[in-house]
Amino acid sequence: MIELKNKIYYVGVNDRNKSLFEGLWPLPSGVTYNSYLIDDDKVCLIDSVEVDFFSQFIESLHEVLGDRKIDYLVVNHMEPDHSGSIKLLRKYYPDIQVIGNKKSFDLLSGFYGVDDNHLEVKHGDTLELGHHTLKFFMTPMVHWPETMMTLDVTDHVLFSGDAFGCFGALNGGLLDSDINTEWAWLEMTRYYSNIVGKYGTPVQNALKKLAGEQIDYICSTHGPVWHEYADRVVSLYDRMSKYETEPGLVICYGTMYGNTERMAECIARAASQAGVKNIMVYNVSKTHHSYILRDIFRYRGLIVGAPTYNNGLYHEMDVLLQEIANRDIKNHYIGWFGSYGWASKAVQKIGEWNEQHIHFDVVGEPVEMKQALTEETKEKCRALGRAMAEKLRG
Ligand code: FEO
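Residues numbered from 1 in each chain as written. Predicted model: local features only at pLDDT ≥ 70, side-chain atom pairs only at ≥ 80, totals over all residues. Heavy atoms only, no water.

1. Describing the overall build of the protein chain
1) Next: Within the protein chain one finds twelve helices and 23 strands.
2) Next: Across the 394 residues in the protein chain, those meeting the buried criterion constitute 58%.
3) Next: Counting only contacts in the protein chain whose residues sit at least 6 apart along the sequence, the fraction spanning at least 24 positions is 72%.
4) Next: Between the centroid of the 39 positive side chains of the protein chain and the centroid of its 53 negative side chains there is a distance of 7 Å. (Helix = DSSP H or I, 4+ residues; strand = E, 2+ residues; numbered from the N terminus. Buried < 20%, exposed > 50% of the residue type's maximum accessible area, 1.4 Å probe, protein only. Contact = heavy atoms within 4.5 Å. Lys, Arg positive; Asp, Glu negative; His and termini not counted. Charge placed at Lys NZ, Arg CZ, Asp CG, Glu CD.)

So, in C-alpha coordinates, the structure goes:
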(Lines give C-alpha, C1' and ligand atoms only; values in the text may rest on other atoms or scores of the structure.)
Protein backbone atom coordinates (compact mmCIF):
# COMPACT_ATOMS: atom_id res chain seq x y z
CA MET A 1 0.00 0.00 0.00
CA ILE A 2 1.32 3.45 -0.94
CA GLU A 3 -0.40 6.79 -0.34
CA LEU A 4 -0.36 8.76 -3.57
CA LYS A 5 -1.94 11.94 -2.22
CA ASN A 6 -4.83 13.08 0.01
CA LYS A 7 -5.83 9.56 1.07
CA ILE A 8 -5.70 8.10 -2.42
CA TYR A 9 -3.88 4.81 -1.93
CA TYR A 10 -2.27 2.44 -4.40
CA VAL A 11 -3.41 -1.08 -3.56
CA GLY A 12 -2.30 -2.86 -6.73
CA VAL A 13 -0.05 -5.89 -7.12
CA ASN A 14 2.91 -7.11 -9.14
CA ASP A 15 2.64 -10.25 -11.23
CA ARG A 16 6.17 -11.48 -11.92
CA ASN A 17 5.12 -15.04 -12.76
CA LYS A 18 2.88 -14.83 -15.80
CA SER A 19 4.75 -15.48 -19.04
CA LEU A 20 2.17 -14.28 -21.55
CA PHE A 21 -0.31 -11.46 -21.04
CA GLU A 22 -3.72 -12.46 -22.47
CA GLY A 23 -1.96 -15.73 -23.35
CA LEU A 24 -0.27 -13.84 -26.20
CA TRP A 25 2.18 -11.11 -25.23
CA PRO A 26 5.50 -11.90 -23.47
CA LEU A 27 6.09 -10.39 -20.04
CA PRO A 28 9.87 -10.53 -19.55
CA SER A 29 9.62 -8.11 -16.61
CA GLY A 30 6.15 -9.01 -15.36
CA VAL A 31 3.13 -6.73 -15.19
CA THR A 32 1.11 -4.89 -12.55
CA TYR A 33 -2.62 -4.92 -11.87
CA ASN A 34 -3.22 -1.48 -10.41
CA SER A 35 -6.04 -0.68 -8.07
CA TYR A 36 -6.60 2.53 -6.09
CA LEU A 37 -8.51 3.18 -2.89
CA ILE A 38 -9.93 6.60 -2.00
CA ASP A 39 -10.48 6.81 1.74
CA ASP A 40 -13.05 9.57 2.13
CA ASP A 41 -16.44 10.05 3.84
CA LYS A 42 -17.50 7.48 1.28
CA VAL A 43 -14.82 4.90 0.60
CA CYS A 44 -14.28 4.14 -3.06
CA LEU A 45 -12.16 1.46 -4.72
CA ILE A 46 -11.15 1.99 -8.34
CA ASP A 47 -10.76 -1.28 -10.26
CA SER A 48 -9.50 -4.49 -8.68
CA VAL A 49 -6.83 -7.09 -9.45
CA GLU A 50 -6.54 -10.53 -11.03
CA VAL A 51 -8.13 -13.04 -8.69
CA ASP A 52 -4.91 -15.03 -8.05
CA PHE A 53 -3.64 -12.01 -6.11
CA PHE A 54 -6.74 -11.55 -3.96
CA SER A 55 -5.15 -12.43 -0.61
CA GLN A 56 -2.46 -9.78 -1.09
CA PHE A 57 -5.08 -7.32 -2.33
CA ILE A 58 -7.43 -7.76 0.64
CA GLU A 59 -4.47 -7.36 2.98
CA SER A 60 -3.70 -3.95 1.45
CA LEU A 61 -7.36 -2.92 1.72
CA HIS A 62 -7.43 -3.92 5.41
CA GLU A 63 -4.18 -2.09 6.01
CA VAL A 64 -5.87 1.16 4.97
CA LEU A 65 -9.39 0.56 6.21
CA GLY A 66 -9.19 -1.82 9.12
CA ASP A 67 -12.76 -3.02 9.65
CA ARG A 68 -14.40 -0.17 7.80
CA LYS A 69 -16.46 -0.98 4.75
CA ILE A 70 -16.04 0.04 1.11
CA ASP A 71 -19.01 1.93 -0.29
CA TYR A 72 -18.21 1.88 -4.00
CA LEU A 73 -16.23 -0.10 -6.53
CA VAL A 74 -15.69 1.79 -9.79
CA VAL A 75 -15.21 -0.64 -12.67
CA ASN A 76 -13.47 1.30 -15.40
CA HIS A 77 -12.76 -1.90 -17.32
CA MET A 78 -14.20 -5.39 -17.16
CA GLU A 79 -11.29 -7.45 -18.53
CA PRO A 80 -10.60 -10.10 -15.87
CA ASP A 81 -7.13 -8.80 -14.98
CA HIS A 82 -9.04 -5.94 -13.31
CA SER A 83 -12.46 -7.40 -12.59
CA GLY A 84 -11.38 -10.88 -11.47
CA SER A 85 -11.71 -10.08 -7.75
CA ILE A 86 -15.23 -8.63 -7.86
CA LYS A 87 -17.05 -11.74 -6.67
CA LEU A 88 -14.69 -12.19 -3.71
CA LEU A 89 -14.82 -8.47 -2.91
CA ARG A 90 -18.59 -8.75 -2.60
CA LYS A 91 -18.13 -11.54 -0.07
CA TYR A 92 -15.89 -9.33 2.09
CA TYR A 93 -17.93 -6.19 1.44
CA PRO A 94 -21.51 -7.35 0.80
CA ASP A 95 -22.90 -3.79 0.59
CA ILE A 96 -20.36 -2.56 -1.93
CA GLN A 97 -22.06 -0.78 -4.81
CA VAL A 98 -20.56 -1.42 -8.24
CA ILE A 99 -20.27 1.70 -10.40
CA GLY A 100 -20.17 1.15 -14.14
CA ASN A 101 -22.11 1.73 -17.33
CA LYS A 102 -24.74 -0.27 -19.15
CA LYS A 103 -22.14 -2.28 -21.06
CA SER A 104 -20.05 -3.00 -17.96
CA PHE A 105 -23.08 -4.45 -16.21
CA ASP A 106 -23.81 -6.72 -19.14
CA LEU A 107 -20.24 -8.06 -18.93
CA LEU A 108 -20.41 -8.25 -15.13
CA SER A 109 -23.48 -10.41 -15.36
CA GLY A 110 -21.99 -12.67 -18.03
CA PHE A 111 -18.56 -13.14 -16.46
CA TYR A 112 -19.50 -13.32 -12.78
CA GLY A 113 -23.32 -13.59 -12.48
CA VAL A 114 -23.36 -10.28 -10.57
CA ASP A 115 -26.68 -8.57 -11.27
CA ASP A 116 -27.46 -6.39 -8.26
CA ASN A 117 -26.19 -3.45 -6.27
CA HIS A 118 -25.27 -1.48 -9.38
CA LEU A 119 -24.96 2.26 -9.77
CA GLU A 120 -25.07 3.11 -13.46
CA VAL A 121 -23.24 6.25 -14.59
CA LYS A 122 -23.26 8.10 -17.87
CA HIS A 123 -20.71 10.38 -19.53
CA GLY A 124 -20.20 13.52 -17.43
CA ASP A 125 -21.95 12.23 -14.29
CA THR A 126 -20.31 13.09 -10.97
CA LEU A 127 -20.23 11.45 -7.55
CA GLU A 128 -19.36 13.19 -4.27
CA LEU A 129 -17.25 11.16 -1.87
CA GLY A 130 -16.60 13.98 0.65
CA HIS A 131 -13.33 15.76 -0.11
CA HIS A 132 -13.06 14.06 -3.49
CA THR A 133 -15.51 14.38 -6.35
CA LEU A 134 -15.41 11.87 -9.17
CA LYS A 135 -16.41 12.59 -12.74
CA PHE A 136 -17.01 9.79 -15.22
CA PHE A 137 -15.97 9.71 -18.88
CA MET A 138 -17.29 7.11 -21.28
CA THR A 139 -14.38 6.04 -23.52
CA PRO A 140 -15.73 3.03 -25.41
CA MET A 141 -13.36 0.73 -27.32
CA VAL A 142 -10.21 1.75 -25.51
CA HIS A 143 -10.05 -1.25 -25.95
CA TRP A 144 -13.31 -2.93 -24.86
CA PRO A 145 -16.83 -1.58 -25.41
CA GLU A 146 -17.45 -0.74 -21.74
CA THR A 147 -14.15 1.08 -21.08
CA MET A 148 -14.53 4.32 -19.14
CA MET A 149 -12.28 6.63 -17.13
CA THR A 150 -12.80 8.32 -13.78
CA LEU A 151 -11.37 11.72 -12.92
CA ASP A 152 -10.98 12.95 -9.36
CA VAL A 153 -11.74 16.58 -10.14
CA THR A 154 -10.68 17.68 -6.65
CA ASP A 155 -7.07 16.51 -6.91
CA HIS A 156 -6.93 16.18 -10.70
CA VAL A 157 -6.14 12.48 -10.67
CA LEU A 158 -7.25 10.48 -13.70
CA PHE A 159 -7.98 6.78 -13.25
CA SER A 160 -7.62 5.80 -16.88
CA GLY A 161 -8.09 2.02 -17.03
CA ASP A 162 -5.72 0.35 -19.48
CA ALA A 163 -5.06 3.62 -21.32
CA PHE A 164 -1.52 4.92 -20.74
CA GLY A 165 -0.54 1.59 -19.19
CA CYS A 166 2.57 -0.43 -19.83
CA PHE A 167 3.99 -3.90 -19.29
CA GLY A 168 6.54 -4.38 -16.51
CA ALA A 169 6.25 -4.94 -12.78
CA LEU A 170 7.12 -2.10 -10.40
CA ASN A 171 10.39 -2.41 -8.55
CA GLY A 172 9.54 -0.61 -5.34
CA GLY A 173 8.63 2.82 -6.71
CA LEU A 174 5.23 3.84 -8.06
CA LEU A 175 5.44 7.47 -9.13
CA ASP A 176 7.33 8.30 -12.34
CA SER A 177 9.38 10.97 -10.57
CA ASP A 178 10.65 8.37 -8.07
CA ILE A 179 11.90 5.85 -10.62
CA ASN A 180 13.99 5.53 -13.76
CA THR A 181 11.27 5.36 -16.42
CA GLU A 182 13.53 4.57 -19.36
CA TRP A 183 12.17 1.02 -19.71
CA ALA A 184 8.57 2.13 -19.57
CA TRP A 185 8.40 4.10 -22.82
CA LEU A 186 9.12 1.14 -25.07
CA GLU A 187 6.90 -1.11 -22.97
CA MET A 188 4.08 1.45 -23.18
CA THR A 189 4.46 1.47 -26.95
CA ARG A 190 4.44 -2.34 -27.03
CA TYR A 191 1.35 -2.44 -24.80
CA TYR A 192 -0.41 0.13 -26.96
CA SER A 193 0.50 -1.38 -30.32
CA ASN A 194 -0.47 -4.91 -29.38
CA ILE A 195 -3.53 -4.38 -27.23
CA VAL A 196 -5.04 -0.98 -28.00
CA GLY A 197 -3.46 -0.32 -31.41
CA LYS A 198 -6.47 -1.33 -33.49
CA TYR A 199 -8.56 1.38 -31.86
CA GLY A 200 -6.89 4.62 -32.97
CA THR A 201 -10.16 6.48 -33.57
CA PRO A 202 -11.72 5.56 -30.18
CA VAL A 203 -8.47 6.64 -28.49
CA GLN A 204 -8.62 9.97 -30.32
CA ASN A 205 -12.26 10.36 -29.22
CA ALA A 206 -11.27 9.65 -25.61
CA LEU A 207 -8.44 12.19 -25.73
CA LYS A 208 -10.84 14.81 -27.07
CA LYS A 209 -13.25 14.17 -24.20
CA LEU A 210 -10.45 14.67 -21.68
CA ALA A 211 -8.91 17.66 -23.45
CA GLY A 212 -10.46 20.41 -21.31
CA GLU A 213 -9.70 18.77 -17.97
CA GLN A 214 -6.80 19.44 -15.61
CA ILE A 215 -4.96 16.14 -15.17
CA ASP A 216 -2.00 16.17 -12.78
CA TYR A 217 -1.75 12.42 -12.18
CA ILE A 218 -2.51 9.54 -14.52
CA CYS A 219 -3.28 6.31 -12.69
CA SER A 220 -3.50 3.54 -15.23
CA THR A 221 -4.27 -0.09 -14.46
CA HIS A 222 -0.75 -1.17 -15.54
CA GLY A 223 2.64 0.32 -14.76
CA PRO A 224 3.76 3.49 -12.98
CA VAL A 225 1.63 6.47 -11.96
CA TRP A 226 2.43 9.36 -14.28
CA HIS A 227 2.86 12.85 -12.84
CA GLU A 228 6.13 14.42 -13.95
CA TYR A 229 5.68 12.93 -17.44
CA ALA A 230 1.87 13.05 -17.62
CA ASP A 231 1.94 15.38 -20.65
CA ARG A 232 4.49 13.20 -22.44
CA VAL A 233 2.32 10.14 -21.89
CA VAL A 234 -0.76 11.85 -23.34
CA SER A 235 1.28 13.13 -26.26
CA LEU A 236 2.62 9.64 -26.98
CA TYR A 237 -0.94 8.28 -27.04
CA ASP A 238 -2.02 11.12 -29.29
CA ARG A 239 0.73 10.35 -31.78
CA MET A 240 0.27 6.58 -31.72
CA SER A 241 -3.50 6.80 -32.13
CA LYS A 242 -3.02 9.03 -35.18
CA TYR A 243 -0.58 6.41 -36.50
CA GLU A 244 2.13 9.06 -36.59
CA THR A 245 5.62 7.67 -37.02
CA GLU A 246 9.27 8.67 -36.92
CA PRO A 247 11.68 8.23 -39.83
CA GLY A 248 13.03 4.75 -39.47
CA LEU A 249 12.75 1.31 -40.97
CA VAL A 250 11.66 -2.12 -39.83
CA ILE A 251 12.92 -4.98 -41.97
CA CYS A 252 11.45 -8.31 -41.01
CA TYR A 253 11.96 -11.60 -42.70
CA GLY A 254 11.31 -15.30 -42.52
CA THR A 255 14.09 -17.64 -43.50
CA MET A 256 14.67 -21.41 -43.51
CA TYR A 257 18.32 -21.78 -44.46
CA GLY A 258 19.58 -18.20 -44.45
CA ASN A 259 19.15 -17.30 -48.11
CA THR A 260 16.21 -14.95 -47.59
CA GLU A 261 17.97 -13.57 -44.53
CA ARG A 262 20.88 -12.54 -46.74
CA MET A 263 18.48 -10.48 -48.84
CA ALA A 264 17.35 -8.68 -45.67
CA GLU A 265 20.96 -7.95 -44.69
CA CYS A 266 21.67 -6.56 -48.13
CA ILE A 267 18.62 -4.25 -48.01
CA ALA A 268 19.47 -3.07 -44.48
CA ARG A 269 23.06 -2.27 -45.44
CA ALA A 270 21.96 -0.24 -48.46
CA ALA A 271 19.37 1.68 -46.41
CA SER A 272 21.99 2.44 -43.79
CA GLN A 273 24.51 3.59 -46.38
CA ALA A 274 21.80 5.83 -47.80
CA GLY A 275 21.43 7.54 -44.43
CA VAL A 276 18.65 5.76 -42.46
CA LYS A 277 19.76 5.71 -38.82
CA ASN A 278 16.87 3.85 -37.18
CA ILE A 279 16.82 0.39 -38.73
CA MET A 280 15.44 -2.64 -36.89
CA VAL A 281 15.98 -6.03 -38.54
CA TYR A 282 13.96 -8.95 -37.20
CA ASN A 283 13.75 -12.65 -37.94
CA VAL A 284 10.01 -13.26 -37.50
CA SER A 285 10.61 -16.79 -36.24
CA LYS A 286 12.99 -15.59 -33.55
CA THR A 287 11.61 -12.31 -32.22
CA HIS A 288 8.12 -12.31 -30.78
CA HIS A 289 5.75 -10.41 -33.05
CA SER A 290 4.76 -8.05 -30.23
CA TYR A 291 8.19 -6.38 -30.44
CA ILE A 292 8.03 -6.17 -34.24
CA LEU A 293 4.55 -4.61 -34.10
CA ARG A 294 5.83 -2.13 -31.52
CA ASP A 295 8.51 -0.94 -33.92
CA ILE A 296 6.16 -0.89 -36.90
CA PHE A 297 4.07 1.56 -34.85
CA ARG A 298 7.21 3.63 -34.26
CA TYR A 299 8.77 3.74 -37.72
CA ARG A 300 7.40 4.82 -41.07
CA GLY A 301 9.23 2.34 -43.30
CA LEU A 302 8.49 -1.37 -43.47
CA ILE A 303 10.14 -3.99 -45.66
CA VAL A 304 8.96 -7.58 -45.32
CA GLY A 305 10.30 -10.71 -46.94
CA ALA A 306 9.85 -14.46 -46.75
CA PRO A 307 10.26 -17.72 -48.60
CA THR A 308 7.50 -19.53 -50.42
CA TYR A 309 6.24 -22.44 -48.34
CA ASN A 310 3.62 -25.04 -49.29
CA ASN A 311 2.81 -22.99 -52.36
CA GLY A 312 1.98 -20.01 -50.15
CA LEU A 313 3.70 -17.65 -47.77
CA TYR A 314 6.04 -18.77 -45.00
CA HIS A 315 3.79 -19.29 -41.98
CA GLU A 316 5.34 -16.92 -39.44
CA MET A 317 5.29 -14.08 -41.95
CA ASP A 318 1.70 -14.89 -42.88
CA VAL A 319 0.73 -14.53 -39.21
CA LEU A 320 2.62 -11.26 -38.82
CA LEU A 321 0.96 -9.79 -41.91
CA GLN A 322 -2.46 -10.71 -40.50
CA GLU A 323 -1.54 -9.03 -37.22
CA ILE A 324 -0.50 -5.85 -39.04
CA ALA A 325 -3.71 -5.79 -41.07
CA ASN A 326 -5.78 -6.47 -37.95
CA ARG A 327 -4.52 -3.25 -36.37
CA ASP A 328 -5.52 -0.99 -39.28
CA ILE A 329 -2.04 0.58 -39.24
CA LYS A 330 -1.76 3.61 -41.52
CA ASN A 331 0.82 6.07 -42.85
CA HIS A 332 3.59 3.68 -43.82
CA TYR A 333 5.85 2.99 -46.76
CA ILE A 334 6.23 -0.62 -47.73
CA GLY A 335 8.63 -2.66 -49.82
CA TRP A 336 8.93 -6.42 -50.02
CA PHE A 337 11.00 -9.34 -51.16
CA GLY A 338 10.71 -13.10 -51.25
CA SER A 339 12.21 -16.33 -52.42
CA TYR A 340 11.33 -19.72 -53.82
CA GLY A 341 12.99 -22.98 -54.72
CA TRP A 342 10.89 -24.14 -57.67
CA ALA A 343 7.47 -22.41 -57.57
CA SER A 344 7.17 -18.68 -56.94
CA LYS A 345 4.46 -17.50 -54.53
CA ALA A 346 5.74 -15.42 -51.59
CA VAL A 347 6.27 -12.13 -53.44
CA GLN A 348 2.85 -12.39 -55.05
CA LYS A 349 1.18 -13.14 -51.69
CA ILE A 350 2.76 -10.15 -49.96
CA GLY A 351 1.71 -7.86 -52.82
CA GLU A 352 -1.88 -9.16 -52.61
CA TRP A 353 -1.91 -8.61 -48.87
CA ASN A 354 -0.90 -4.98 -49.30
CA GLU A 355 -3.37 -4.39 -52.10
CA GLN A 356 -6.30 -6.05 -50.38
CA HIS A 357 -5.78 -5.19 -46.72
CA ILE A 358 -3.25 -2.60 -45.73
CA HIS A 359 -2.79 -0.17 -48.65
CA PHE A 360 0.62 1.13 -47.59
CA ASP A 361 2.47 3.37 -50.03
CA VAL A 362 4.59 1.03 -52.18
CA VAL A 363 8.29 1.88 -52.46
CA GLY A 364 10.74 0.44 -54.98
CA GLU A 365 10.40 -2.82 -56.87
CA PRO A 366 9.64 -6.08 -55.03
CA VAL A 367 12.65 -8.39 -55.22
CA GLU A 368 12.27 -12.06 -55.94
CA MET A 369 15.04 -14.61 -55.55
CA LYS A 370 15.18 -18.12 -56.95
CA GLN A 371 17.07 -20.47 -54.63
CA ALA A 372 20.08 -18.34 -53.71
CA LEU A 373 21.52 -14.86 -54.03
CA THR A 374 23.14 -13.82 -57.28
CA GLU A 375 24.94 -10.56 -57.90
CA GLU A 376 21.93 -9.38 -59.89
CA THR A 377 19.50 -10.09 -57.01
CA LYS A 378 21.85 -8.42 -54.55
CA GLU A 379 21.78 -5.25 -56.65
CA LYS A 380 17.94 -5.35 -56.69
CA CYS A 381 17.96 -5.65 -52.88
CA ARG A 382 20.30 -2.68 -52.60
CA ALA A 383 18.04 -0.69 -54.92
CA LEU A 384 15.06 -1.47 -52.67
CA GLY A 385 17.00 -0.33 -49.58
CA ARG A 386 18.06 2.88 -51.32
CA ALA A 387 14.53 3.61 -52.59
CA MET A 388 13.16 3.25 -49.05
CA ALA A 389 15.89 5.48 -47.67
CA GLU A 390 15.06 8.16 -50.22
CA LYS A 391 11.36 8.07 -49.24
CA LEU A 392 12.17 8.24 -45.54
CA ARG A 393 14.54 11.13 -46.06
CA GLY A 394 11.89 12.96 -48.11
FE1 FEO B 1 -5.56 -4.69 -18.41
FE2 FEO B 1 -7.79 -4.71 -20.97
O3 FEO B 1 -7.01 -5.32 -19.37
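And the narrative resumes.
2. A short note on the sheet that holds strand S11 (residues 118–120)
1) Next: Strand order in the open sheet made by the seven strands is S1-S2-S7-S8-S9-S10-S11, with mixed pairing throughout. The outermost strands of the open sheet, each flanked by one partner alone, are strand S1 (2–5) and S11. Neighbour-to-neighbour, the strand axes of the sheet open up by a mean angle of 25°, direction not taken into account.
2) Next: The strands touched by helix H1 (residues 54–65) are strand S2 (8–10), strand S7 (36–38) and strand S8 (44–46); relative to S7, the strand with the most contacts, the crossing angle is about 20°. (Pairing = 2+ DSSP bridges. Axes fitted to C-alpha atoms, helices over the stretch in contact; angles between N-to-C directions.)

3. Looking at unusual backbone geometry
1) Next: In the segment running from Val142 into His143, the intervening peptide bond is cis, with an omega of 15°.
2) Next: Relative to the assigned elements, His143 resides in the loop between strand S13 (133–138) and strand S14 (148–152).
3) Next: In the Ramachandran plot, Asp47 falls in the positive-phi region, its phi being about 60° despite a non-glycine side chain.
4) Next: By the secondary structure assignment, Asp47 is in the loop between S8 and H1.
5) Next: When its relative accessible area of 4% is taken as the criterion, Asp47 is described as buried.

4. Details of the pattern of salt bridges
1) Next: As enumerated under the stated definition, the model contains 16 salt bridges in all.
2) Next: Put simply, Lys135 and Glu213 hold a salt bridge, and the shortest N to O gap is 2.9 Å. In this pair, Lys135 sits in strand S13 while Glu213 sits in the loop between helix H6 (200–210) and strand S16 (217–220), placing the two residues 78 residues apart along the sequence.
3) Next: Where Arg294 meets Asp295, a salt bridge forms, and the shortest distance between an N and an O atom there is 3.1 Å. (Salt bridge = Lys/Arg side-chain N within 4 Å of Asp/Glu carboxyl O.)

5. Quick notes on the nonpolar core
1) Next: Leu37, Leu61, Cys252 and Ile324 are the most contacted members of the largest nonpolar core, which has 91 residues in total.
2) Next: It is helix H5 (residues 182–196) that contributes the most residues to this core, seven residues altogether.
3) Next: Once you skip the residues sitting within four places of it in the chain, Leu37 turns out to touch Lys7, Ile8, Tyr9, Val11, Val43, Cys44, Leu45, Leu61, Val64, Leu65 and Ile70.
4) Next: Core analysis: the next-biggest nonpolar cluster, separate from the first, contains 25 residues, Leu4, Ile38, Leu129 and Met148 among them. (Core = buried A, V, L, I, M, F, W, Y, C linked by side-chain atoms within 4.5 Å.)

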